[in-house]
Every structure is written in structure tokens, then in C-alpha cells.
Protein chains: 2
Amino acid sequence: MKAIVNVSLKTGVLDSQGKAVHHALESLHFSNVNDVRIGKQIVLNLDEADETKAMADVTKMCEELLANTVIEDYQIELIK
Amino acid sequence: MKAIVNVSLKTGVLDSQGKAVHHALESLHFSNVNDVRIGKQIVLNLDEADETKAMADVTKMCEELLANTVIEDYQIELIK
């Protein structure tokens, strides 16, 4: 089973990388961009057939390592 | 309109960040992970109503700035 974890900064947390990319896009004359936010996409290849167990495991991984839950949110998507 | 761009390393390109996370997960006793790949998720808030124009713009942004097409692939998803 494959798990896709998207980790993004919480709303309100300053995204300096996003701001830099937004500025760079403006320099390249892309004027129709209002906002840029940058997050991480983590693709895990799991040796686990049970969906409930996989979701529990990946949630634990996010809480313990993959996301900093003080400033980041995460979303988990499982693909069979 | 919102555009979500997922930038990931091409298959075969060494993902040292993914390797490090995989190793860290093993240290935390998550033994059912076979592989970890880490990419970027870029969320663009566009001031553009036309879907075709938006897709063309975002593709151009990827080619010029957001992705290094020598070693990275990108996927674009538009959300109204």
C-alpha cells in the first residue's frame, strides 16, 4: 500500500519560502499570482495490507516525525 | 482559481532526504516502510478564471522556476 502525506504550514504561519517564490514569479512577469504556499509531499511505500492499520501507523509517523504539529498540518491519503 | 503543483524527484534519482527519513522511521520502530520519497507541494492562488490559460501559465512557471526538469517531474492540479 502507498501513503501520500501532504505536510503544509498552518494558516497564519509565515511561509518565507512561499514568499520568495511569489517574488521570483513576479520578477519573471507572472502577475496573476496572489499567493504561494509551499509544503512537503512524502510518499511512503508500506508493507501493510490492512487499511485501518496503515492509517494508524502513518498518523503515528506524522505525529512523531513527519510533521511539526505546532506549526504544520498534515493530510494522509492511502492508495491500494 | 487554485493550482496545486507536486514536484518530485524522477525515478532513479537518489532521494537523500527520503533515505534519511526512512532511516529515522526505522529507528522509531516503524518496520513496515519499504521506501520513502520526498517532494514539494506548491499551492498557487491564481487571479485567473480561464482554466486553459491557468494551466498554460502554471506549466510555464514549472518549466521556468518551480521544477528542475533535469531531475524532477511535476504534476499540476487545478481547483476552482
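Throughout this document, residue positions are counted from 1 along each chain, in the order its sequence is written. Going through the entries in the order they are written, you letter the chains from A and number the ligands from 1. With pLDDT at 70 or above as the cut-off, local features in this predicted model cover only qualifying residues; side-chain atom pairs require 80 or more to be listed or tallied, and sums for whole chains, interfaces and linings still use all residues. Just so you know, side-chain values use all the structure's heavy atoms and leave hydrogens and water out.

- By the naming in an unreviewed UniProt entry, chain A goes by Phosphoribosylformylglycinamidine synthase subunit PurS and is assigned to Sulfurimonas xiamenensis.
- UniProt positions are given in the numbering used here, feature names are shortened, and annotations may be inferred rather than shown by experiment. Database annotation for chain A, UniProt heading Pathway (unreviewed entry): "Purine metabolism; IMP biosynthesis via de novo pathway; 5-amino-1-(5-phospho-D-ribosyl)imidazole from N(2)-formyl-N(1)-(5-phospho-D-ribosyl)glycinamide: step 1/2."
- You can read under Subunit (unreviewed entry) in the UniProt record for chain A the words "Part of the FGAM synthase complex composed of 1 PurL, 1 PurQ and 2 PurS subunits."

1. Considering the interface of chain B and chain A
- Contact residues are listed per partner, giving 30 residues for chain B and 30 residues for chain A.
- Defined in terms of a 1.4 Å probe, buried area is the accessible area two parts forfeit on being brought together, summed over both. Together, B:F30, B:N32 and B:Q41 form the three largest contributors to the area buried by chain B at its contact with chain A, with a combined 23%.
- The working definition used for a salt bridge is a side-chain nitrogen of Lys or Arg within 4 Å of a carboxyl oxygen of Asp or Glu. Where chain B meets chain A, there are zero salt bridges.
- In terms of residue count, strand β2 (residues 33-46) of chain B provides more of the side of chain B that touches chain A than any other element does, 14 residues in total.
- Note on residue categories: nonpolar means Ala, Val, Leu, Ile, Met, Phe, Trp, Tyr, Cys or Pro, charged means Asp, Glu, Lys or Arg, and polar means any other residue, Gly included. Looking at the side of chain B that touches chain A, its residues break down into 15 nonpolar, six polar and nine charged.
- Note: strand β2 (residues 33-46) of chain A against β2(B), 13 bridges, orientation antiparallel. Considered in β2(B), the bridge of A:K40 is made with B:K40. The criterion used for residue contact is that any of the two residues' heavy atoms lie within 4.5 Å. Strands are runs of DSSP state E lasting at least 2 residues, helices are runs of H or I lasting at least 4, and numbering of each runs from the N terminus. Here a strand pair is declared whenever DSSP counts at least two bridges between the two strands.

2. What about helix α1 (residues 16-27) of chain B?
- Over its twelve residues, α1(B) runs 17 Å from end to end, which matches the ideal 16 Å to within 8%, given 1.5 Å per residue.
- When accessible area is computed with a 1.4 Å probe and restricted to protein chains, residues below 20% of their type maximum are described as buried, those above 50% as exposed, and intermediate ones as partly exposed. What α1(B) keeps buried is the set B:G18, B:V21, B:H22 and B:L25. Buried residues of α1(B), viewed axially, fall in a sector of 105 degrees; they line one side. Pointing more than 90 degrees away from the buried face of α1(B) are the exposed residues B:S16, B:K19 and B:H23.
- Packing partners of the buried residues in α1(B) comprise β2 and α2 (51-66) of chain A together with β2 of chain B.
- Following α1(B) by one or two positions, B:H29 has its phi on the positive side, about 70 degrees. In this scheme, a helix's expected span is set at 1.5 Å multiplied by one less than its residue total. Directions are taken from the helix axis to each C-beta atom, and the arc is the one they span.

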